[in-house]
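Single-letter residue listing:
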Amino acid sequence: MTNPLTTSAWEVDETPEAGTPRVIPPRRQRSFGRWFVEVGWRHLIGVLAVVFAVFPLLYVLSVSLNPLGTLTGSNELFRAFDIANYAKLFSNPDVPFARWFVNTLVIGIVSGVGTVFLGALAAYSFSRMRFVGRRVGLLTLLLVQMFPQFLAVVAIFLLMVGIGDIFPAIGLGSQAGLILIYLGGALGVNTFLMYGFFNTVPTSIDEAAKIDGASHVRIFFTIILRLVTPIIAVVGLLSFISATGEFVIASILLTNPDSQTVAVGLFTFVSQFQSKNWGVFAAGAVLSAIPVVTLFLFLQKYIVSGLTAGSVK
Amino acid sequence: MKVKHAGILATGAMATIATLALAGCASGTNDDGDDLADAGATTITLWVDTERAPALKDVAAKFKEDTGITVKLEIKDFATVDQDFISQVPTGKGPDVIVSPHDKLGSYVDNGVVAPLELGDTAGLFAASAMRAMTYEGTVYGVPYSIENVALIRNADLVTEAATDFDTVISNGKEWAGGAKDKYPFLVGLSPEQGDPYHLYPLQTSYGAPVFGLDAEGSYDPTKLELGNAGGLEFAAALKQWGEDGVLNANIDGDKAKEFFLAGKSPYYLTGPWNLPDIKNAGINYAIDPLPSAGGEAAQPFIGVNGFFLSSKSKNELAATQFIVNYLSTDAVQTALFEIGGRPPALVTAYETAAAADPDVAALGEIATTGVPMPAIPAMGSVWADWGNAELSLIKGEGDPTEVWTTAVDNIEAKIAG
Amino acid sequence: MTSTRPSPAIEYSPPRRQSTLALLIKILLLGLVDAIGVYALFILFIKEQWLVFGLAVAILALINWIYLVPGQLPAKYLTPGLFFLAIFQVFVVIFTGYIAFTNYSDGHNSSKDDAVASIIRVAQKRVPDSPQYAVTVLRQGDVLSLLVTEPDGTVSVGSADDPLEVTTDAELDSTGKAVGLPGYDTLQLAEVVQNQDAVLALVVPESDDPNAGSIRTSDGATGFVYQASLVYDEQADTFTDSETGTVYLADEKEGSFVSPDGETLTPGWRVNVGFDNFVEAATNEQIRDPLIRVVLWTFVFAILSVATTFVLGLFLALVFNDPRVRGKKIYRILIILPYAFPAFLSGLVWAGLLNPEFGFVNQVLFGGAQIPWLSDPWLAKFSVLLVNLWLGYPYMFLICTGALQSLPEELTEAARVDGASPWRIVRSVKLPLLLVSVAPLLIASFAFNFNNFNVIYMLTRGWPRFSDTTLDIGATDIMITMVYKVAFGGGGGRDYGLASAFSILIFILVATVSAIGFRRTRALEDLN
């Protein structure tokens, strides 16, 4: 038996008949120790990380499946397996969960697309053009977004009342108004992310296109955007997540239950004085995570695609 | 195309488009404007939270049938509905009517967001305590529809007899529990963060320590904080004792308390009518006992009265007043609200019918007659946090009762004054 | 994600050919914007909102100029985003600043006119022991009158100018209530509702005696006799108590009516109070003592949050950056799951998990130990950081994964060829490059956590409380939760003016620190 730690994986077969040494591909059964040192420990870390990440969510899942679920009392996970809470979500006319779900998707997608678009435009100009205030401008954008919006809710409320007087369609109570507010945050960290990625696209491409006579608009839309799809996917996902999870402003603006989002609607379940309904709340939360996960699955190949910036040379 | 020409053409085209679109928008608005005016005259907007909403749906539908006026229900988050009301009414975007517990009345009036209502003879048809709750500084602002208060719910299978004083209750409970770790002699839901002075109030008043004293007219006087009197200190000491004995447990919150009681892990549960439906569904053989006295005096729980209030900037004041004063005060409606909401009605005749039909209502109503309305004065807002925290610390066994309690009282007085 | 060399500038000369399609789209879009803009101007004009009108004109002109004049490309690209930023972010900041200079709060939440109207309304008190009347609203021409039926059956009629006079011609209905009078039209409920403003404003004097009360109706069917307990003198701008004679003067500095003894009438109104709120924010005694501790903890919390999430995220990204690991996709999805759940929900769940007696963590993981995760000051701080780590590392993981992917391979190869150990490679090659591109994100994350209200509030409410202060401030409070509790929960209702002053101060603080941070990490270097 050869010592696995000292022989290489590739064995050289030196049977006399062969003449020239034949190289035999490594056996499938490489030593476990070797594998562990190189790769296996990564799986171990991964499993630990997954456990850390997932167990509170498993807990929520088990609460949602328990008709009497409370967030503090149900320590035996998955004691019950009843979808009564899910049924309640959809059957209570005062709780139009399906509407909320649709609203959330609409708001999330429109905000996401809008943020990506506005951010890409701005990132492109920061990356490709030189103008007065460029250096300061980008960082100023980051600074402006640091305002604790949470305490500015009064200002936002009064602003939307004022806007509603002129354009009722985007005023208080409208989802369009909410989306516009989210778009106000488009130029910030997301733009910076995109700016960084734009910088990795070499300008030779732009030059080549220009020589062909393309206008800057065309260069932007048809060439550059295609090359930066990974970062667009990331920013789209991040802004979708933040728009769907945002709660404070949405609860002020959306007064009609039919137009509310899942975050706002679910919260009313557990903010009642006496009868908090954790089971239904948990069920709603589980369902609300599905769009995000789906989106991530869908965008995964863009996000972590093999397209490394370095290869585009 | 040369740039110059393109520019001119572009400008011209844009002007045309702009004008057309503008014409379209403008005419659109005018139509909207008319519709709003018409619609405004016959639609009342009502704010209500999720818990109380189902009871109002049918009432709204019936009102529309009878008078042709639509009542639009907007469901809001309970925790913030009162503050949203106060912020939104002045901007003109608030509702016409709000359903609210009475303890918010003080801050509504101080902010000028509710209008006085004159009930005339109708006022006499309601329980006196309910009308008192709807009155602030001598003026009536709302029409009550239900009264709620806590009671002592006993699992009759576990302890068969009612007790009149708290010590007997405890000894009954302990006897049954027999020291088992997962059996609790007594349950009341406390918040692990700030306690629950609301639920513990009857025990406190039985030591002769109400939160505020009354002034000459019988309303709460914010300058007379009675929490810190001798009875209060006795109560503080008792709290610590109960905490040590395991009678009160700071880690058991409302959800857990309910869960344990429904699972038969305790014979006693101090809670209100909101949990009765679940208790019934779980098949517990329950009995509603009057609140036992711990300190020798009468145990007076807080009464919460739910009522309808009129916004001071309502654009449909007349219709809304019709709705509140003339419609919601009728026997039929009060009974309907009771049937869905489960809280004893405030209208005396409706209450009597309900009590005759449902012994639970009668029992709760009996207890309500011993209760006192929650203070609606704005000063109350300064009280809850320190009060609850002091109670919680004592239950957890931290600190000397007199010290903790007196510090809390001093803090509260400072907040009210400052 | 960033290359080490920023890209050189591109010179864009006006295109030689502009396609007609592009031109058409441009016209259409700009036309639409102009249409909406002009429409807004129209409405503003009607409403006579001159300040906003002027601003709108300026903005519209600017937008047109930017897009019509050839060249100035950066502006063309930046304008859409900047437009939204300006209205929904910058303006909000400015408006909050404006509110900070007023006393906008409970009890002072509207204009003086509203306050006066409200006081007048509440002052209308029903004369005690006066009877309840059944009324009908009549109309003759433009004038409304009330047809009053007293409990004893007497019927009278009167209007705003004519006091009540007994009349005998009234038609009665089956209950004895007078419902009509010859020469007058009776308004039915629907019409009453339509004319509610006039009906509600109708005040019929009881008699010629000016000290007698007057009849009003609030629902069109019943009426009562009212007397005003407070009388408003518009000229002098005072309220006089009709019983005691106390005069309440309007105090424009405070925003309420005050009597010589110092009693105020509620409600008051909003007034400009200058720097009062800022002074209060900075010098409030009750805040000043724990303030240092809270500020310190805020910085520590923000820095540690960024550090822990970054380290964990980076570590996991490195671990999974190896092509030999199978099942990467599955790991990735599971690892970012915490990020998919709304943050406030997660806060609530963790609060339940960490319950000392019944929580999952203590019961199951620690076998029934009663570790006071949320009530011991240090453990509470630890718990808050732990939960924030759980919430935040997926974001860092995503960022780092992308960033690592974009690092040039040849550098790593070169290092490996030179014989550097994997750890050395990470430390000396990957990390510096990574930090250059990720540094501004870390700073932004710092700012976000500086103001991370959700996590703290949902998990601990800022508790456990400090025992040496009367305010509700605790060991896990960060500045923003403290401000929230002080301004919104102090028992005096909501004080928006104070809260706005605080938010301006916090903003200045965090922006300054971040700006310094940007400088120090020389992020600016990259932009050249």
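Participant: If you had to explain the overall build of chain A to someone new, which residues and values would you point to?
Facilitator: Within chain A, the regular secondary structure consists of 13 helices and 2 strands. Put simply, chain A has 313 residues, and 47% of those count as buried.

Participant: Explain the overall build of chain C to me, using residue names and the numbers behind them.
Facilitator: Along chain C, the regular secondary structure elements total 19 helices and 16 strands. For a compact globule of 528 residues, the expected C-alpha radius of gyration is about 24 Å, and chain C comes in at 35 Å, more than 25% above that figure. Taken over 528 residues, chain C has a buried fraction of 43%. Within chain C, contacts between residues separated by at least 24 positions form 58% of all contacts whose residues are at least 6 apart in sequence.

Participant: Summarise the interface of chain A and chain C; cite the residues concerned and give the values.
Facilitator: Each partner contributes to the interface: chain A provides 87 residues, whereas chain C provides 99 residues. Ranked by residues supplied to the side of chain A that touches chain C, first place goes to helix 1 (residues 32-64) of chain A with 13 residues.

Participant: Could you give an account of the nonpolar core, naming the residues involved and the relevant values?
Facilitator: In this structure, Ile156(A), Leu178(A), Met194(A), Phe397(C), Val483(C) and Phe502(C) are the most contacted members of the largest nonpolar core, which totals 182 residues. Looking at this core, the element that brings in the most residues is helix 13 (residues 377-406) of chain C, giving 15 residues. Beyond its immediate stretch of four places on either side in the chain, Ile156(A) contacts Ile181(A), Ile249(A), Ile252(A) and Val92(C). Counting residues in hydrophobic clusters, the runner-up holds 149 residues, among them Tyr220(B), Leu227(B), Ile395(B) and Leu146(C).

Participant: Give a detailed account of the packing of helix 15 (residues 384-395) of chain B against helix 16 (residues 401-417) of chain B, specifying residues and quantitative values.
Facilitator: Two numbers describe a pair of packed helices, the interaxial angle and the distance between the axes. Residue and element names in this part refer to chain B. Interaxial distance between helix 15 and helix 16 falls to 9 Å at its minimum, and their mutual angle equals 170°. Here helix 15 lies roughly antiparallel to helix 16, going by the angle between them. Along the contact surface, helix 15 presents Asp386, Trp387, Ala390, Ser393 and Leu394, while helix 16 presents Pro401, Val404, Trp405, Ala408, Asn411 and Ile412. Among the residues making up the contact of helix 15 with helix 16, the classes are represented as 8 nonpolar, 2 polar and 1 charged.

Participant: Just give me the short version of the confidence of the model for chain A, but keep the residues and values in it.
Facilitator: All names here are of chain A. Put simply, chain A has an average pLDDT of 77, and 80% of its residues get 70 or more. Below a pLDDT of 50 lies the segment residues 1-19, which in the model reaches 15 contacts outside its immediate sequence neighbourhood of four places, other chains included. Per-residue pLDDT stays below 50 along residues 306-313; that stretch engages in 12 contacts with residues further than four places along the chain or on separate chains.

Participant: Talk me through the sheet that holds strand 16 (residues 264-265) of chain C; I want residue IDs and the actual numbers.
Facilitator: All names here are of chain C. The 5 strands lie next to each other as 12-13-14-15-16, forming an open sheet whose pairing is antiparallel. Each edge of the open sheet is held by one strand with a lone partner, namely strand 12 (230-233) and strand 16. Strand direction decides the pairing type here: strand 15 (residues 256-258) and strand 16, joined by 2 bridges, are antiparallel. Looking across to strand 16, one finds that Phe257 is bridged to Leu265. In the packing of helix 4 (residues 112-123) onto the sheet, the strands contacted are strand 12, strand 13 (238-241) and strand 16, and the crossing angle to strand 12 comes to about 145°.

Participant: Any chance you could break down the domain arrangement of chain C for me, citing the residues and the numbers?
Facilitator: Residues and elements named next belong to chain C. The domain boundaries assigned to chain C delineate domain 1 (20-100), domain 2 (125-228) and domain 3 (284-526). Here domain 1 and domain 3 have C-alpha centroids that lie 37 Å from each other. Each side of the interface is counted separately: domain 1 has 4 residues, and domain 3 has 6 residues. The residue makeup of the side of domain 1 that touches domain 3, split by class, is 2 nonpolar, 2 polar and no charged.

Participant: So what's going on with the sheet that holds strand 11 (residues 268-271) of chain B? Residues and values would help.
Facilitator: All names here are of chain B. With mixed pairing, 4 strands are arranged side by side in an open sheet as 8-11-7-12. The open sheet terminates on both sides in strands that have one partner only, identified here as strand 8 (187-188) and strand 12 (286-289). Bridge count for strand 8 against strand 11 is 2 bridges, and the pairing is parallel. Its bridge partner lying in strand 11, Leu187 is registered against Tyr269.

Participant: Help me get a handle on the environment of Asp34(C), residues and values and all.
Facilitator: With respect to the element layout, Asp34(C) can be found in helix 1 (residues 20-47). In sequence terms Asp34(C) and Ile63(C) are 29 residues apart; their C-alpha atoms lie 9.0 Å from each other.

Participant: Can you lay out the environment of Ala281(C) for me, pointing to particular residues and giving the numbers?
Facilitator: Turning to its location among the elements, Ala281(C) is positioned in helix 7 (residues 276-283). Non-local contacts of Ala281(C), meaning those with residues more than four positions away in its chain, are made with Leu498(C), Ala501(C), Phe502(C) and Leu505(C).

Participant: Now, about the packing of helix 7 of chain C against helix 18 (residues 496-520) of chain C: what can you tell me, with residues and values included?
Facilitator: All names here are of chain C. The N-to-C vectors of helix 7 and helix 18 enclose an angle of 70°; their axes lie 9 Å apart at closest approach. Taken together, the axis directions place helix 7 and helix 18 in an arrangement best described as roughly perpendicular. Seen from above, helix 7 lies across helix 18 with right-handed handedness. Packed against helix 7, whose contacting residues are Asn277, Phe278, Glu280 and Ala281, the element helix 18 presents Gly497, Leu498, Ala501, Phe502 and Leu505 at the interface.

Participant: Describe helix 5 (residues 153-166) of chain A, listing the residues and the values that go with them.
Facilitator: Taking 1.5 Å of rise per residue, 14 residues should cover 20 Å, and helix 5 of chain A covers 20 Å from first to last C-alpha, within 8% of that figure. Of the residues making up helix 5 of chain A, those classed as buried are Val153(A), Val154(A), Ala155(A), Ile156(A), Phe157(A), Leu159(A), Met160(A), Ile163(A) and Ile166(A). The inward-facing, buried residues of helix 5 of chain A abut helix 6 (175-183) and helix 11 (248-253) of chain A, helix 3 (78-88) of chain B together with helix 1, helix 3 (73-100) and helix 18 of chain C.

Participant: Give me the lowdown on helix 10 (residues 229-245) of chain A, citing residues and values where you can.
Facilitator: Helix length check: helix 10 of chain A, at 17 residues, gives a terminal C-alpha distance of 24 Å against a target of 24 Å (1.5 Å per residue), a fit within 8%. Most of helix 10 of chain A sits out of view: 15 of its 17 residues are buried.

Participant: Lay out unusual backbone geometry in plain terms, naming residues and giving numbers.
Facilitator: Not every positive phi belongs to a glycine, and Glu137(B) is a case in point at roughly 50°. Looking at the secondary structure, you find Glu137(B) in the loop between strand 4 (135-136) and strand 5 (139-140). Even without being glycine, Asp237(C) reaches a positive phi, approximately 60°. Turning to its location among the elements, Asp237(C) is positioned in the loop between strand 12 and strand 13.

Participant: I'd like to hear about the pairing of strand 1 (residues 43-49) of chain B, residue by residue, with values.
Facilitator: All names here are of chain B. Taken across its 7 residues, strand 1 has 6 buried, putting it largely inside the fold. Two elements, strand 1 and strand 2 (residues 70-76), share 7 bridges in a ladder whose sense is parallel. Pairing of Val48 across the sheet is with Ile75, part of strand 2. Handedness of the crossover is the feature at issue here: the chain leaves strand 1, passes through helix 2 (residues 53-67), returns alongside strand 2, and the resulting connection is right-handed. Pairing of strand 1 with strand 3 (residues 97-101), which is carried by 2 bridges, proceeds in the parallel orientation. By the bridge assignment, Trp47 is partnered in strand 3 with Ile98.

Participant: Explain the pairing of strand 13 (residues 302-310) of chain B to me, and be specific about the residues and the numbers.
Facilitator: Consecutive side chains along a regular strand alternate between the two faces of the sheet. All names here are of chain B. Taking burial as the measure, the 9 residues of strand 13 include 9 buried ones, the bulk of the element. Alternating residues of strand 13 divide into Phe302, Gly304, Asn306, Phe308 and Leu310 and Ile303, Val305, Gly307 and Phe309, and every residue in both groups is buried. One ladder, built from 5 bridges, connects strand 3 with strand 13; its direction is antiparallel. The residue of strand 13 that forms the bridge with Val97 is Leu310. In the sheet, strand 6 (residues 142-148) pairs with strand 13 via 6 bridges, with the strands oriented antiparallel. Paired with Ser146 across the two strands is Asn306, which belongs to strand 13.

Reading the values: rules and limits
Residues numbered from 1 in each chain as written. Chains lettered and ligands numbered in written order. Predicted model: local features only at pLDDT ≥ 70, side-chain atom pairs only at ≥ 80, totals over all residues. Helix = DSSP H or I, 4+ residues; strand = E, 2+ residues; numbered from the N terminus. Buried ≥ 20, exposed ≤ 12 C-beta atoms within 10 Å, placed from the backbone. Rg over C-alpha atoms; globule rule 2.2 N^0.38 Å. Contact = placed C-beta atoms within 7 Å. Core = buried A, V, L, I, M, F, W, Y, C linked by C-beta atoms within 7 Å. Axes fitted to C-alpha atoms, helices over the stretch in contact; angles between N-to-C directions. Parallel < 35°, antiparallel > 145°, perpendicular 65-115°, else oblique. Nonpolar A, V, L, I, M, F, W, Y, C, P; charged D, E, K, R; others polar. pLDDT = per-residue confidence, 0-100. Pairing = 2+ DSSP bridges. Domains from an automatic or database assignment. Left-handed = near helix turned anticlockwise from the far one by under 90°. Expected span 1.5 Å × (residues − 1). Right-handed = clockwise from strand over helix to strand, strands pointing away.

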